[in-house]
Amino acid sequence: MPLQSSFSSFSTHSSSSSSYGYAWEYDVFISFRGEDTRYGFTGNLYKALFDKGVHTFIDDEELQRGDEITPSLLKAIEESRIAIIVLSPNYASSSFCLDELVHILHCIKGNNRLVLPVFYEADPSDVRHQRNSFGEAMAKHEEKFKSDLNKVHKWKQALHQVANLSGYHFKHGDGYEHKFIRNIVEEISRKIRRLPLFVARFPVGLDSLDSRVSKVISLLRMNSSDQVHMVGIHGVGGIGKTALACAVHNLIVDHFDGTCFLANVRENSKRHGLAYLQNILLSEILGKEEIKIVSVQQGTTQIQRRLCQKKVLLILDDVDDHKQLQAMAGKPNWFGLGSRVIITTRDTHLLKYHGVENTHEVEGLNEAESSQLLVKHAFKNGYVSSPSYADVLTRTITYASGLPLALEVIGSHLCGKKVEEWESALNKFERHLDDKIHEIFQVSFDALGKEEQSVFLDIACCFKGYKTKELTDILQAHYGSCMKYHIGVLVEKSLMKINQYDNNVTMHDLIESMGKEIALKESPEMPGKRSRLWFYEDIVKVLQDNLMLISLKVLKFDYSDSLKKIPDVSNLQLLEEFSCVRCSNLVSVDSSVGFLPKLKILNAAFCFKLRSFPPVINLASLEELVLFGCSSLEKFPEILEEMENLKALYLWGTGIKDLPCSFCNLSRLRRLTLNANEMYRIPSVIGMMPRLFLCDIELGGNKGRVSGEQEEGLHGILTHSLPSADMRRLSITNSNLSDDFFPLAVAWFPNVISLVLGGNNFTVLPECIQQFRFLKELLVNDCKHLREIRGIPPNLEFFSAVNCKSLSERGTSVLLNQQVHQGRSTHFVMPGGSIPRWFERRSSGACISFWFRGTKFPYNALCFAILLKDDFPSPLELRPIVTINGNLGSYRFERAMDQLFIFNLNSDPYYEALHLERGWNHAKLSYEAYKNYEDHKEKVPSESIGKEIGMHVWKEESSSIMEDIRFTDPYKMTQLIIMMIMLSIAFPNHKNHPLLLDTCIGLWMLLFLTHTLSGY
């Protein structure tokens, strides 16, 4: 069937729509009831739109026959910019019209495009509440569609929704119809006259359904018309902030009386001044050319006075100075209600200072999007012409790291080039950043102060990937206490980020490259004259030339595969940090490294082939020595003189078999790790470390043999040494400790807080461990000979006996005592076949529900016990979850699991921040479980392993708590009472109705039993 349509000079055709981030085929789609208005109002409206050149869709007379909406009609709706709904008296009698309405609201209104209702001879309240002809029509539909009442419900919702939209209302006698139509056409013409903004040549990831666009639109709160909202879009240069703002503009522009997109505010304000931009702003929104602003003050006054009643959309692009915001969007009340202001910037501090709370950080493209964008720019037909390009495309995507600008520049530059040319160009780009990309990043660098520029170069050249605290500690010696401020500025300027999960300093690879290029330009040909060195070849050259690097304080060889030997560094007398982490072929370190007077940090972690280390060290300033993972290193150096500043020594995973007697010169050592080493016994010099705060020991030299040698060694150490009052965290695992350990340990470690003793041979935890007055954590996992627990430290909170095969339920009875858990934040994991009896409430399976009353969640009054089935998989981790009123609440920590887990809920910011109603709230405790493998975790359905959950309420926590917690739904009880009252009112003479009387008695009995059996 032919579709009647008109073509407008303002319309956007599909051939060019891709550059605008949408695909609108029609300016207007008209939905109407044919028999009501086709040859009258709707026909005249269509003619008027046609005459104005508005590209309008109207269905053919024959097209709507049948009950199903056609695919061509659905497509027309989806491709229309604006929808006009002509709500005439018989509109709702057509199921076809109602389906059409539902689809319009979903596709057009749902994507923030304009839906304009026209109430033609129909009252909006009748549509909203389905009264008169609309009510009669819906009643007939309910009768006709008895088997599909969900469809009728959607129609009712759609009518209610469209009736609440702003539109036009016409009744005969109120005025001339042709004037009414003219007003509609003029508004539509104004809307579509606003040409869409160019988004990008290939707007990958910027269509209306994309998460980036939808996230910004959600922040704009388009459904709210009683406030003015400002939203900030921020991110690194070249990431696509402007393109995103343009895509959002094109989708929502029809909702506003006036609009203005001020591009390149940073550049244009410097070139022409702020008054020039104010003039453009007013001219664009008011549509008047005669406005002349001569000063910023005058422009500010004019904007406030002339736009305060106007609903506007204002986009300020690339703002870099707060004065720009003050001049053009000083306060929300400068604009009329319903206005929206979008600000794009690289500087998040500007947004904070201006009070912009709703912000969106633009992330880079993912791998699929990067591939799509690169291919579109690099290949004329939009698809890869040969499989031979696969490797260079992957290499380019990795190099660009999701930056659209880089993908566009490289793709355009290499369009039509051969694979060999791609490889050559990429080699060049990896050595030197493309000029266009460098120029974009240079803007952010130039905006920094001199000291902040220096900090940026330090991080880009040497410290990317460091922990924030570690970075701050290193650079604070040079920059003083301002380091935290400098880091904050770099984050605000979008030059770096702090990873929220591991607190590491991160930076886009191309920004890092720019920083390194800036440092290289200090002396391109002579590395020794540069302030920073990071290339292995440059560093070795400088060292071999024996140049005096007086200012060099940090030397890093990290991740170098070509480094085999650390050369003589005796000329680096001011060196403070020396690092050669994961140098896979490093074999030897020159002895000169052991005599650097200013060296504070020496890190050779995971140098697996390292065999030769300085045999003697005298590093008076050394604070941290890291050798973990050096599995080929068998000897620890002699300590020539006392090294009082060394606080941390990490020897995990080394091949060291013993420690020298001179080790005692590390008398102020606070942290020592000796896990996974080749030692046969605990070194005797450990007893000469009175300042040790943390010590991890695991003997690997036994290779599984049971021997008393290390136990005897420890016995001698503890017997002939003074107590270590500073020891707080002690871990001695897989070291064949016997029952003799505990009496000695109680005397030697009186103040220990955490004791980890997994994989040892003791058979009991004796009564004497009650003397550990400060012990809060005791872990004895994998102690397969442990049979009985006789004592518990008075302040113990965390206890774990996972995989203790000989430990019976009788042997753990002391852990199940109610008094042990009362008043403490206990988390006990152990074997066990049942939940203690004092848990009054039980629920089979993997969850338990309860109701509580009040505005605070009573976490401190609740104790839970989780029991797993006998055949649960091992090793297993379990993560309890609290859900309140259907909202996923706080995730508790993960815990290695045995069959029984008893725990109290701790205080949590989530609970404290809850804002609850005074009535009853529903809570549920459930859990997630994960089977542990060497390289990954696999989720296990909790219902397949869960046997039972118990819950206990601590009565002493609150005298009224028992009245405020229920295990049955209080609302159901209330509903039952109301139902009984209503029955009594409806049938006052119920004695004359025996059946009714029996029903009432039964219901009252049910109410009584429900109340009685609920417990409390």
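Treat the numbers as computed from the prediction; the structure is a model and nothing was measured.

A. Main features of the overall build of the chain. When helices and strands are counted, the chain shows 32 helices and 42 strands. Sequence separation of 24 or more characterises 66% of the internal contacts of the chain that already satisfy a separation of 6 or more. When the accessible surface of the chain is totalled, it reaches about 47,400 Å², and 51% of it is carbon and sulfur.

B. Representation of the environment of Lys52 within the structure. Within the secondary structure layout, Lys52 lies in the loop between helix 2 (41–51) and strand 3 (56–58). Note on Lys52: relative accessible area 48%, which makes it partly exposed. Discounting chain neighbours no more than four positions away, the residues touching Lys52 are Val185 and Ser189.

C. View of the confidence of the model for the chain. Residue-level pLDDT values for the chain average 84, and 86% of them are 70 or greater. Below pLDDT 50 for its whole length, residues 62–66 participates in 10 contacts with residues either more than four positions away or in separate chains. Across residues 1011–1016, where pLDDT falls below 50, the model places 10 contacts with residues more than four positions away in sequence or in other chains.

D. Summary view of unusual backbone geometry. Note that the residue after Ser874, namely Pro875, is joined by a cis bond; omega there is 0°. Among the structural elements, Pro875 can be located in the loop between strand 34 (862–868) and strand 35 (876–884). With phi around 55°, Arg582 is a residue other than glycine that occupies positive phi space. Along the chain, Arg582 falls in the loop between strand 16 (577–579) and strand 17 (588–589).

E. Summary view of the packing of aromatic side chains. According to the stated counting rule, one finds 33 aromatic pairs in the structure shown. Ring geometry for Phe636 versus Phe663: centroids 5.5 Å apart, planes at 65°, classification edge-to-face. A residue pair is termed long-range when its members are at least 10 positions apart, and Phe636 in the loop between strand 20 (624–626) and strand 21 (638–639) and Phe663 in the loop between strand 22 (648–650) and strand 23 (671–674) qualify at 27 residues. You can call Phe636 buried: its relative accessible area is 7%. Aromatic pair Phe850 and Phe864: ring centres 6.4 Å apart, planes at 40°, arrangement tilted. Of the two residues, Phe850 is situated in strand 33 (residues 848–853) and Phe864 in strand 34; the sequence distance between them amounts to 14 residues. Ring-pair connections join several aromatic residues into one group, and the members of that group are Phe850, Phe852, Phe857, Phe864, Phe901 and Phe903. Here the basic side chain of Lys311 rests over the ring of Phe256, its NZ or CZ set 5.6 Å away from the ring centre. Residue placement shows Lys931 over the ring face of Tyr933; its charged tip is 4.5 Å from the ring centre.

F. Layout of the pairing of strand 33. Direction of pairing for strand 33 relative to strand 39 (residues 920–932): antiparallel, over a ladder of six bridges. Within the sheet, the bridge partner assigned to Ile848 lies in strand 39 and is Leu925. One ladder, built from two bridges, connects strand 33 with strand 42 (residues 965–966); its direction is antiparallel. Paired with Phe852 across the two strands is Ile965, which belongs to strand 42.

G. Structural detail: the side chain of Gln453. One can find Gln453 in helix 21 (residues 450–463). Since its relative accessible area comes to 18%, Gln453 is described here as buried.

H. Quick peek at the environment of His821. By secondary structure assignment, the location of His821 is in helix 28 (residues 818–821). Each C-alpha atom, one on His821 and one on Trp954, is 9.9 Å from the other, the two residues being 133 residues apart in sequence. Setting aside anything within four residues of it in sequence, one finds His821 in contact with Leu815, Thr826, Phe828, Trp838, Ile902, Asn904 and Trp954.

I. Spatial organisation of the pattern of salt bridges. Counting across every chain of the model gives 30 salt bridges. Between Lys146 and Glu143 there is a salt bridge whose closest N-O contact spans 3.0 Å. For Glu143, a relative accessible area of 51% gives the class exposed. Of the charged contacts in the structure, one is a salt bridge between Arg790 and Glu788, with a shortest N-O distance of 3.4 Å. A relative accessible area of 40% places Arg790 in the partly exposed class.

J. Inspection of the state of the cysteines at higher detail. Scanning all chains against the criterion turns up zero disulfides. Summary of cysteine pairing: Cys580 is not part of a disulfide, and the nearest cysteine sulfur, belonging to Cys607, is at 4.4 Å. Its relative accessible area of 2% is what places Cys580 among the buried residues.

K. Geometry of the pairing of strand 41 (residues 946–953). Within strand 41, seven of the eight residues are buried, leaving the element largely enclosed by the surrounding structure. Summarising the sheet, strand 32 (residues 841–844) and strand 41 pair through four bridges and their orientation is antiparallel. By the bridge assignment, Ser843 is partnered in strand 41 with Ile949. Two elements, strand 34 and strand 41, share seven bridges in a ladder whose sense is antiparallel. Looking at the pairing, Leu862 lines up with Val953 of strand 41.

L. Region of interest: the sheet that holds strand 10 (residues 340–345). Pairing within the open sheet is parallel, and its five strands lie in the order 8-9-10-7-11. A strand with exactly one partner marks an edge of an open sheet, and here the two such strands are strand 8 (258–262) and strand 11 (358–361). This sheet shows a mean twist of 15° between the axes of neighbouring strands, independent of strand direction. Two strands pair when backbone bridges link them, and strand 7 (residues 229–234) and strand 11 are joined in this way by four bridges, in the parallel orientation. Bridged to Val231 within strand 11 is Asn358. Packing against the sheet, helix 9 (residues 211–220) makes contact with strand 7, strand 10 and strand 11, and its axis sits at approximately 170° to strand 11. Along the sheet, helix 11 (residues 265–272) makes contact with strand 8 and strand 9 (312–319), crossing strand 9 at roughly 80°.

M. Looking closely at a negative patch on the surface. Residues Asp391, Glu420, Glu421 and Glu423 make up a contiguous surface patch of negative charge. Here the element with the most residues in the negative patch is helix 19 (residues 419–431); it accounts for three residues. Along the chain, Asp391 falls in helix 17 (residues 390–400). Taking the relative accessible area as the measure of exposure, Asp391 reaches 63% and is therefore exposed.

N. Quick look at the side chain of Asn268. For Asn268, the location among the structural elements is in helix 11. A polar atom in the side chain of Asn268 sits 2.9 Å from the backbone oxygen of Ala263. For Asn268, the contacting residues outside a window of four places in its chain are Ala263, Gly273 and Leu277.

O. Fine view of the packing of helix 6 (residues 132–144) against helix 7 (residues 149–163). For the pair helix 6 and helix 7, the least separation of the axes is 10 Å and the interaxial angle reads 165°. When the axis of helix 6 is compared with that of helix 7, the two are roughly antiparallel. Along this stretch, helix 6 crosses helix 7, giving a crossing that reads as right-handed. Along the contact surface, helix 6 presents Phe134, Met138, His141 and Glu142, while helix 7 presents Leu149, Val152, Trp155, Lys156 and Leu159. Grouping the amino acids of the contact of helix 6 with helix 7 by side-chain chemistry returns six nonpolar, one polar and two charged.

P. Just the packing of helix 3 (residues 71–78) against helix 4 (residues 95–107), in detail. Packing of helix 3 against helix 4 brings their axes to within 9 Å, and their N-to-C directions diverge by 35°. Pair helix 3 / helix 4 crosses with right-handed handedness. Residue-level inspection shows Leu73, Leu74, Ile77 and Glu78 of helix 3 in contact with helix 4, the latter providing Phe96, Glu100, His103, Ile104 and Cys107. Taken together, the residues of the contact of helix 3 with helix 4 sort by class into six nonpolar, one polar and two charged.

Q. A look at helix 20 (residues 435–446). Over its 12 residues, helix 20 runs 16 Å from end to end, which matches the ideal 16 Å to within 8%, given 1.5 Å per residue. Along helix 20, the positions that sit buried rather than exposed are Ile437, His438, Phe441, Gln442, Ser444 and Phe445. The buried residues of helix 20 all sit within an arc of 155° when viewed along its axis, so they share a single face. Turned more than 90 degrees away from the buried face of helix 20, the exposed residues are Asp435 and Glu439. The elements touched by buried residues of helix 20 are helix 18 (404–413), helix 21 and helix 24 (509–520). Where helix 20 begins, the side chain of Asp434 points an oxygen toward the backbone nitrogen of Lys436, at a separation of 2.9 Å.

R. The environment of Thr468, seen in detail. Locating Thr468 in the fold gives a position in helix 22 (residues 468–479). Of the polar contacts made by the side chain of Thr468, one reaches the backbone oxygen of Asn503; its length is 2.8 Å.

The rules behind these values
Residues numbered from 1 in each chain as written. Predicted model: local features only at pLDDT ≥ 70, side-chain atom pairs only at ≥ 80, totals over all residues. Heavy atoms only, no water. Helix = DSSP H or I, 4+ residues; strand = E, 2+ residues; numbered from the N terminus. Contact = heavy atoms within 4.5 Å. Areas by Shrake-Rupley, 256 points an atom, 1.4 Å probe, with all protein chains shown as cover. Buried < 20%, exposed > 50% of the residue type's maximum accessible area, 1.4 Å probe, protein only. pLDDT = per-residue confidence, 0-100. Phe/Tyr/Trp six-rings, centres within 6.5 Å; stacked < 30°, edge-to-face > 60°. Lys NZ or Arg CZ within 6 Å of the ring centre and 35° of its normal. Pairing = 2+ DSSP bridges. Salt bridge = Lys/Arg side-chain N within 4 Å of Asp/Glu carboxyl O. Disulfide = S-S within 2.5 Å. Axes fitted to C-alpha atoms, helices over the stretch in contact; angles between N-to-C directions. Patch = residues over 30% accessible without salt bridge, like charges linked within 9 Å, V, L, I, M, F, W, Y side chains within 5 Å. Lys, Arg positive; Asp, Glu negative; His and termini not counted. Charge placed at Lys NZ, Arg CZ, Asp CG, Glu CD. Polar contact = N/O pair within 3.5 Å; in protein donor to acceptor, adjacent residues only side chain to side chain. Parallel < 35°, antiparallel > 145°, perpendicular 65-115°, else oblique. Left-handed = near helix turned anticlockwise from the far one by under 90°. Nonpolar A, V, L, I, M, F, W, Y, C, P; charged D, E, K, R; others polar. Expected span 1.5 Å × (residues − 1). Arc of directions from axis to C-beta.

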